[in-house]
Amino acid sequence: DAAFVASFNVPGPPGEEKIYFFFEETAKEFDFMEKLTVSRVARVCKNDVGGDKVLQKKWTTFLKAQLSCSQAGFFPHTVLKHVFALPQPRGGFLFYGIFASQWQNGNSGSSAVCAFSLDAIQKAFDGKYKELNKDCSRWTTYSGPAMDPRPGSCLVGPSSDKALTFMKDHFLMDEKVAPVHDQPLLVKEDVKYTRIAVHQAQKPCGAACTVLFLGTDRGSLHKAVVVGHRAHIIEEIQLFEKPEAVQNLLLVPEKGVLYVGYSEGILEVLVANCSVYATCASCLLARDPYCAWDGRLCRAVWEDTRNRTDWLQDVEQGKAEATCQRQSGKGRAMPKSRNDSDGVPLKVLSGPFNSMMRLSCPPVSALANYSWTYPEGSLPSQEGLTVRDHTGLLVFVHSRTLGEYACWASENGYRHRVAWYDVRSDLPMGGASSANGSPEHQAVPVGEWRSYWVQFVTVTVLLSMTLAVAMALGFFSYHDKLKAKTKVQGCSVPEPSRTPVQEKAPLNGSQSPPGDRNYQSQEATDGTKSCCVQVEGGSRAMDTDNNRLNCPLMNGEEARAVEAI
């Protein structure tokens, strides 16, 4: 179940060249209820050809050790995502790895960046072994006698059966590989890093500075600088319009270009854009090792490699005011005039009343704190006329919100303006005239106040009419069903509780009442239709014993009618 991440060829003396593999797998040496994923580094000698009798067609120098990348107060980051090998000037390598946590807080996730030295990895491989105790089925530390040559070293030949037999059960090292400074360089919440590229940039003073380029699963690129034992992000770039994962990073420092691979192709990105820093203070506060102030402009360090001794840069501390004022004429750190505040131009924005304007605040430094100043020192946000978010300020164009707004960045005791706006209205409201002067930029309203009362009434009336029609149809349908159940079909006999039918013919067989030659039963008082027979003729007889009416029929049709009844 191992998932391989990367492999690197590490040069060495003849016969000592090794290949290092980085991967993740489910740990079997821990007795946990849940399966634990751990990150590993494995080593194999390049001259390994397998054993003659023992470990035939298998590695005879394979050793593996666990990588540790954790910080107090955070879940352990045990899932390895990517590794980058950075050669060191004095020899050896530093391996920079991206780690994720197996235990995520929702879908947000977190990532950590750790650096491992080749010496620390070699120390783990030179330490003690782990072995599986078959009596208790637990992994323990091997405490037996040492062997010469050491199992797992490149000096073990294919015919060393004793050493190879030992290697069959002792391929896991007991010691973990600790990161540089015993802590991660960077821990970032709510971010999932996918790829990493590392470069050691040369500052104008000649010192080296490590820069990390980190791609995310949402298509962002983070640039971080290692200062001391920690790294901090100095720039964030959104690479794609639609969020998607960064699949590969290839750094070409000679050209100052970073190539980004994604699902649809390759994207070329400059490692630095120093022209966005207009003043000495903003150039130094960026803490970008690729940018420096030459006395007039903020320039990339690779543009002129001949004479850079006078260029100003402070990556470690970012003390802009003291550094910029150290040399006269090398740039100013404080505003000199109203129309030229730290090189930030005044932008005039105009829009109709009851519209919304967005005032952006560019993040010139990831370590700075940002604040806003409002017209005449007022705070219209208390009246609900402005809303501040992580990208800037939303202003509702109103008579009380017209005026100048400024975004200020504060860092290391230095405060400077990074954005400057003048909000005006191009339409009068209540007799108020618009601001004088022609606007330099036309604001695009992002929202308007509208009344939806007419639409609300229309929808309500339509819903009410629909409900009334549905209720009426349901009522009539139920009424028809009830009427069908109570409808009388054919002849029925009145219930005993009803008023009895009044007899028209005497029961003694005497003549019928005078003046009535037709005998017909009355209907019941409750409206129930009784079975009736119309008898014609002058001679009639009633058999009271058998409750039968004896009447002679005059023809065949009447006989058939009586039989049918």
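Residues numbered from 1 in each chain as written. Predicted model: local features only at pLDDT ≥ 70, side-chain atom pairs only at ≥ 80, totals over all residues. Heavy atoms only, no water.

Per an unreviewed UniProt entry, the protein is named Semaphorin-4A, and its organism is Thamnophis sirtalis. Within the UniProt record for the protein, the comment given under Subcellular location (unreviewed entry) is "Membrane". In UniProt, the protein has this text filed under Sequence similarities (unreviewed entry): "Belongs to the semaphorin family." (UniProt positions renumbered as here; feature names shortened; annotations may be inferred.)

Inspection of every chain in the model, using the stated rule, returns 10 salt bridges. Between Glu25 and Lys64 there is a salt bridge, and its shortest N-O distance comes to 2.8 Å. One end of the pair, Glu25, is in strand β2 (residues 18-26); the other, Lys64, is in strand β4 (residues 63-66), and 39 residues separate them in sequence. Of the two residues examined, Glu25 and Lys64, each falls in the buried class. A salt bridge links Asp294 to Arg299, with the nearest nitrogen and oxygen atoms 3.3 Å apart. Residue classification places Asp294 among the buried residues on the basis of a relative accessible area of 14%. For Arg299, a relative accessible area of 22% translates into the label partly exposed. A single network of salt bridges, built from pairs that share partners, joins Glu25, Arg40 and Lys64. (Salt bridge = Lys/Arg side-chain N within 4 Å of Asp/Glu carboxyl O. Helix = DSSP H or I, 4+ residues; strand = E, 2+ residues; numbered from the N terminus. Buried < 20%, exposed > 50% of the residue type's maximum accessible area, 1.4 Å probe, protein only.)

So, on to the sheet that holds strand β22 (residues 356-360). Taken together, three strands build an open sheet; the order of strands is β22-β25-β24 and the sheet is antiparallel. Sheet topology places β22 and β24 (386-388) at the edges, where each strand pairs with a single neighbour. Ignoring which end each strand starts from, the neighbouring axes of this sheet average 20° apart. (Pairing = 2+ DSSP bridges. Axes fitted to C-alpha atoms, helices over the stretch in contact; angles between N-to-C directions.)

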